[in-house]
Number of protein chains: 2
Amino acid sequence: MKKINLREKLTRFQDHWNPRIVAALNGQHVKLVKMKGEFVWHAHREEDELFLVLDGALTIETPSGDIRLEAGEFCVIPHGVEHRPVAENEAHVLLLEPDSTRNTGIAGGDKTVETPEWI
Amino acid sequence: MKKINLREKLTRFQDHWNPRIVAALNGQHVKLVKMKGEFVWHAHREEDELFLVLDGALTIETPSGDIRLEAGEFCVIPHGVEHRPVAENEAHVLLLEPDSTRNTGIAGGDKTVETPEWI
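Rules used throughout
Numbering of residues starts from 1 in every chain and runs along the sequence as written. Labels follow written order: the first chain is A, the first ligand is 1, and so on. Local features in this predicted model are restricted to residues whose pLDDT is 70 or higher, and side-chain atom pairs enter the listing and the counts only when it is 80 or higher, whereas totals over whole chains, interfaces and linings include all residues. Water and hydrogen atoms were dropped before computing side-chain values, which therefore reflect all heavy atoms in the structure. Each pair of aromatic rings taken from Phe, Tyr and Trp, with Trp reduced to its six-membered ring, is defined by centres within 6.5 Å and is described as stacked if the planes are under 30 degrees apart, edge-to-face if over 60, and tilted in the remaining cases. Only runs of H or I of at least four residues qualify as helices and only runs of E of at least two qualify as strands under DSSP, and these elements are numbered from the N terminus. Residue burial is assigned from relative accessible area. The probe radius is 1.4 Å, only protein chains are included, and a residue is buried under 20% of its type maximum, exposed over 50%, and partly exposed in between. Sitting over a ring, as applied to charges here, requires NZ of Lys or CZ of Arg to be within 6 Å of the ring centre and within 35 degrees of the ring normal. When the copies are superposed, the least-squares fit draws on C-alpha atoms of residues that have pLDDT of at least 70 in both. In what follows, a contact means two residues having at least one pair of non-hydrogen atoms within 4.5 Å. The term buried area means the drop in 1.4 Å probe accessible area that two parts suffer when joined, counted for both and summed. Each reported salt bridge corresponds to a side-chain nitrogen of Lys or Arg within 4 Å of a carboxyl oxygen of Asp or Glu. For the purposes of these results, a polar contact is taken to be a pair of N or O atoms within 3.5 Å, where, inside protein, one atom must be able to donate a hydrogen and its partner to accept one; residues adjacent in sequence count only when each atom of the pair is a side-chain atom.

A. Examining the packing of aromatic side chains more closely. One pass over the structure, following the stated rule, counts 2 aromatic pairs over all chains. Considering the side-chain rings of Trp-17 of chain B and Phe-39 of chain B, the 4.8 Å spacing of their centres and the 25° angle between planes classify their relative orientation as stacked. Taken together, the residues Trp-17 of chain B in the loop between α1 (6–10) and β2 (20–25) and Phe-39 of chain B in the loop between β3 (28–38) and β4 (49–55) connect sequence positions 22 residues apart. The class for Trp-17 of chain B is buried, based on a relative accessible area of 9%. Its guanidinium or amino end placed over the ring of Phe-13 of chain A, Lys-34 of chain A lies 5.3 Å from that ring's centre, counting from NZ or CZ.

The structure is reproduced here in structure tokens:
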């Protein structure tokens, strides 16, 4: 039951597309990730995924249109929906998703982080 | 899959201790609540609860000590742990918890909101 400061946690890593776990509850993980550039198109078989932008701006491309998120905005991508996060400039993002969630979903590939680090 | 702006949602209600639902995913609800004053001591039988302060400051009293949260800080209160939120001045808080969660937990009482409103 310790206090977690989002800005302090964000100073602990600099790399992109490598989510870190900061909390666990009810079978879910709260993660922080820095995004820059284009991620891979992917979907999650069973996991809904929440993206909350803390700093910067993020576009989540989907087959039914783009979702543009700025700081203080979030959206939920339901399981099964293909999506691709794109950040022209670095964006800091809070993710909420089941602890079973793999960052690249069923697509896999070289951006996959099989076991995210706790920070 | 629509974008949700936290500040815009917070303009939609003014009352205290009455959480509103803004999103659902993986059996969880994301809620917003305005807090001012002292809530009731309570615990949740099965639900872990995350408190993220968006504006202002919040103290969560627990039997093992107080947790002081300011904007950008959060903590998780595990199920079964007695707690009481207290906000000297108005605080705006994002809650993440299972959709079965009642605000007053097993304590009940006149601050109970049985069916939170979606906004």
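B. Layout of the relation of the copies chain A and chain B. Rotating chain A by 180° about the axis while translating it 0.0 Å along that axis superimposes it on chain B, leaving an RMSD of 0.0 Å. Expressed as an axis order, the relation between the two copies is that of a two-fold axis. Both copies contact each other with a shared surface, as 100% of the interface residues of chain A are interface residues in chain B too.

C. The arrangement of the interface of chain A and chain B in detail. If you look at the interface, chain A gives 35 residues, while chain B gives 35 residues. For the pair chain A and chain B, the summed buried surface comes to about 2,600 Å²; carbon and sulfur atoms form 65% of the total. When the buried area of chain A at its contact with chain B is split by residue, Met-1, Asn-26 and Phe-74 of chain A rank highest and sum to 28% of it. The tally of links from chain A across to chain B stands at 2 salt bridges.

D. Focus on the side chain of Thr-62 of chain B. In this fold, Thr-62 of chain B is placed in strand β5 (residues 57–62). Polar contacts involving the side chain of Thr-62 of chain B include one to the main-chain carbonyl oxygen of Gly-65 of chain B, which spans 2.7 Å. Among residues more than four places away in sequence, those in contact with Thr-62 of chain B are Met-1 of chain A together with Trp-41, Ile-67, Ile-77, Glu-82 and His-83 of chain B.

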